[in-house]
Amino acid sequence: MSIYPERLNYYVDGGAVSKPQLSAVATLLSLSNDGTVPPVVNDLVWLSFALALNASEGGHTCIDLHEIDRWYPDDLESGALTWPPGNQWIEAVSAQVNLVATPSTIERLPRRPFVLDGSRLYVLRSFEEERSIAQWISSAADSRLKVLLGGPGSGKTTEVARQLVARFAGSSAQDVSVAMAAPTGKAADRMRQAIESRLLSEHATSEVIARVQEAPSITIHRLLGYSPVRRTGRFQYNRENPLPYDLVIIDEASMLSLSLMYRLLEALRPTAELFLVGDPEQLASVDAGTVLADISTAATTEGTNLHRRTKRLTTQFRYAVGSPIERVVKAVQSGDADHLIEVLQPMRNSGGVVSWIDPSSTDIDDQSAFSALASNVRRHALEIVDLATAAKYGEVLEKLGDLQLLCASRSGQLGIAGWNRTVNQWIGTSTRKQWFIGRPILITKNDHNNHLYNGDVGVVCVDPSGDIRVVFDGITGPREFPTVRLPEVETVHALTIHKSQGSEYKHAVVVLPNGRSRLLTRELLYTGVSRAREQLTIVASESALRTAVNTVVVRASGLVDRLQ
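Residues numbered from 1 in each chain as written. Predicted model: local features only at pLDDT ≥ 70, side-chain atom pairs only at ≥ 80, totals over all residues. Heavy atoms only, no water.

As a further point, take the overall build of the protein. The number of helices and strands found in the protein is 20 helices and 20 strands. Taken over C-alpha atoms, the radius of gyration comes to 26 Å for the protein, in line with the 24 Å a tight globule of 564 residues would show. On the principal axes, the C-alpha backbone points of the protein span a range of 75 × 70 × 50 Å. For the protein, the residues scored as buried account for 53% of the 564 residues in total. Taking as baseline every contact in the protein between residues at least 6 positions apart, the subset at least 24 positions apart corresponds to 69%. For the protein, the accessible area works out to roughly 25,400 Å², and carbon and sulfur atoms hold 48% of it. In the protein, which carries 57 positive and 62 negative side-chain charges, the distance between the mean positions of the two groups comes to 4 Å. (Helix = DSSP H or I, 4+ residues; strand = E, 2+ residues; numbered from the N terminus. Rg over C-alpha atoms; globule rule 2.2 N^0.38 Å. Buried < 20%, exposed > 50% of the residue type's maximum accessible area, 1.4 Å probe, protein only. Contact = heavy atoms within 4.5 Å. Areas by Shrake-Rupley, 256 points an atom, 1.4 Å probe, with all protein chains shown as cover. Lys, Arg positive; Asp, Glu negative; His and termini not counted. Charge placed at Lys NZ, Arg CZ, Asp CG, Glu CD.)

Below, the structure is given as structure tokens:
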């Protein structure tokens, strides 16, 4: 392991960087200097490089040195650590011409490992990916790119179906090849089912329906032929071997990372069209970048091709206009925590269309409301057991969607682990068996042969002959599988809000953790509350709600500026 100057442990002890991060910088510097670490004397250079190398861990594509205070350790008081203003960081990094390129010098050899573009410091690969994406969008926005934005239940699928009908209406449409994909297998499969259903309701011809059924609907990684062991590159399709499709539709595009978007665009034919569909306010990719949100922001500039090629759906059909659910969703979107509490206060412990329960309160009304919720959850779980025992597949799947616990956290009493343990105790001793009747299970690994995908939810049932089967919803009705054919699964009386993206439930119960948590963001809360169709229960303290509404996921990126 390469050695960094010991004086930098001052920043390690302060929590600004870690020893492995500094060691990685030392290794990188030695590789660019014939095996020895060059005499970089300015501590700000070491820190900048370490933060840039680790930027993707926080979802950033770069670090903005003008806003370097954002990288100051959260747990430290201001002034506890020497942290100069941004201009000093920029000056220090700019002096490292052998290690840091600028956009105008990036092609010079030898290639520099970092790029400083204004105040933004990138790792070379991230800069090239971001610049390439911006160039493609800017050149394609006049004819080859369409962007469809809208919240849950806003009619995005219907709009896609209508555009497909129009696309295939012309005589030249016979030669148009289509592929549908999404970041997850669940989203891709759901897109196919939803589009086929909408095509029927839009009275599409049998030829159009057949064309869509022939089109692949898979994960983006699978579309690109990803393999971690391929010797010639992890992705089968690329600039030299482009995808054989004229139109590629990407659903749930909010989950697209910068690198995956780059790989996708690189693999498109020069004449291929791209149709991005998603909700820019939902949770972003777990990897670096907020591509759809950045495109959405840039598309607000009127008079640009990107603005003209972007359509925003503002009407929603999931819950009634003006309903309590809509008022809560809009209050969350507003970013005004006081307004959200004002909207929720009359609904405190109401048990109505919207109910707010504070689990941290010792007030008798709060405790009674929480007990009533627990009773409803228990009753729902036992009804699923009864229907599963009676082999009523359709009814048990419908009942499963009647109520869903959506947790921000996996751990803790108010997380998935706590709820799963509690509900299993309510069901009784049968839960000691792995495949107990009525067990709701979550697929955690894609199984393309059985068309089961990470995020799919099913129920363990008894079939009419007494054998154990696991039943999942399908476009033509319930699908049943013996347990031996299933990939990896876990019990899911409660689901993470992340896993619920793209789904809806008759009654959504959104549970936030007590105390401080990095999980609490406006995007997370918005995603959770917008899953409800008829009833919404929020289990959270006022402080948790305020933290969530006031905490917006802000990722450092230069994509908006490049697109504008």
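Moving on from the model shown.
Attention now moves to the nonpolar core. Formed by 42 residues in total, the largest nonpolar core has its most connected members in Phe49, Leu65, Trp83 and Leu121. Looking at this core, the elements with two or more residues in it are helix H1 (9–13), helix H2 (19–31), helix H3 (43–53), helix H4 (86–94), strand S3 (114–117), strand S4 (120–123) and helix H5 (124–140). With eight residues, H3 is the largest single contributor of residues to this core. Leaving out residues up to four positions away in the same chain, leucine 121 has contacts with Ser48, Phe49, Ala52, Cys62, Ile63, Leu65, Val93, Val100, Phe114, Val115 and Leu116. Listed in part, the 41 residues of the second largest apolar core include Leu243, Val248, Ala253 and Leu563. (Core = buried A, V, L, I, M, F, W, Y, C linked by side-chain atoms within 4.5 Å.)

A few words on the pairing of strand S19 (residues 505–511). A large share of S19 lies buried, amounting to six of its seven residues. Relative to S19, strand S12 (residues 403–407) is paired through five bridges, and the arrangement is parallel. Bridge pairing in S19 places leucine 403 opposite histidine 507. Of the pairings in the sheet, the one linking S19 to strand S20 (residues 532–539) comprises six bridges and is parallel in character. Along S20, the bridge assignment pairs alanine 508 with leucine 536. (Pairing = 2+ DSSP bridges.)

Moving on: helix H13 (residues 324–334). Residues of H13 that are buried include every one of Ile325, Glu326, Val328, Val329, Ala331 and Val332, and no others. Contact partners of the buried residues in H13: helix H14 (337–344), strand S11 (354–357), helix H18 (522–529), S20 and helix H19 (542–550). Immediately beyond the C-terminal end of H13, within one or two residues, lies glycine 335, with a positive phi of roughly 75°.

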